[in-house]
Amino acid sequence: MLNALEVVTTVVVGLMVGVEFSVAFIMNRILDALPEDSGQLGHAHGGRMLGALMPFWYIGSVVLIAIWAVAGRQHDGAALVVTAAGLLIVSVLMSVLLLVPINNRNRTWTPETRPADWKQQLNRWLRYHYGRLAVILAAFTLLVTALA
């Protein structure tokens, strides 16, 4: 049963890393290449859609890793799993403190209501997102290593 938990947790976290990587390096570039209003509207829609989904994915990943850490505390790699859990908690804190406030503003913008500095705010969000991506990628790497 522990093996199934390890695999499921690693896959869930790996998929989350993949989605966040795609947002950073693919979706944002696609949206930024669209004409200004279309790109901004796409960012707002993405903020609403992913803003509704990702909290459950992040918290669910933390819960899965916590269960793995407790269930596998006697196994090799337990320290790696605990460290990965700590990193995902850091990513949740980064999200709540840095990214969510910007996203909450962005998701309501329209071409008529967006602030003059909307591009700067999205660029700041992206810089924070790169940092969060590095943290969750490190957590994922630790989980994969713990499987070995």
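It should be emphasised that the depicted structure is a prediction, and the values quoted were computed from it without experimental measurement.

Engineer: Can you explain a nonpolar patch on the surface? Please cite residues and give values.
Structural biologist: A surface patch of nonpolar side chains, amounting to about 510 Å² of accessible area, comprises Phe21, Phe25, Ile26, Met27, Ile30 and Tyr130. The greatest single-element share of the nonpolar patch, amounting to five residues, is contributed by helix α1 (residues 2-33).

Engineer: Please provide a residue-by-residue account of the pattern of salt bridges, values included.
Structural biologist: Counted by the stated rule, this structure contains two salt bridges. For Glu20, the salt bridge identified is with Arg132, shortest N-O distance 3.5 Å. Residue Glu20 is located in helix α1, and its partner Arg132 is located in helix α4 (residues 118-147); the two are separated by 112 residues in the primary sequence. The residues Glu20 and Arg132 share a single accessibility class, namely buried.

Engineer: Outline the environment of Gln40, supporting the account with residue identities and numerical values.
Structural biologist: Take Gln40: it is sitting in helix α2 (residues 36-71). Owing to a relative accessible area of 0%, Gln40 belongs among the buried residues under this scheme. Other than its neighbours up to four places away in sequence, Gln40 contacts Trp109, Thr110, Pro111, Arg114 and Trp118. Within the local environment of Gln40, its side chain forms a polar contact with the side chain of Arg114, the two groups lying 3.3 Å apart.

Definitions and cut-offs
- Residues numbered from 1 in each chain as written.
- Predicted model: local features only at pLDDT ≥ 70, side-chain atom pairs only at ≥ 80, totals over all residues.
- Heavy atoms only, no water.
- Patch = residues over 30% accessible without salt bridge, like charges linked within 9 Å, V, L, I, M, F, W, Y side chains within 5 Å.
- Areas by Shrake-Rupley, 256 points an atom, 1.4 Å probe, with all protein chains shown as cover.
- Salt bridge = Lys/Arg side-chain N within 4 Å of Asp/Glu carboxyl O.
- Helix = DSSP H or I, 4+ residues; strand = E, 2+ residues; numbered from the N terminus.
- Buried < 20%, exposed > 50% of the residue type's maximum accessible area, 1.4 Å probe, protein only.
- Contact = heavy atoms within 4.5 Å.
- Polar contact = N/O pair within 3.5 Å; in protein donor to acceptor, adjacent residues only side chain to side chain.

Everything listed here is a matter of coordinates, which is why it stays silent on function.
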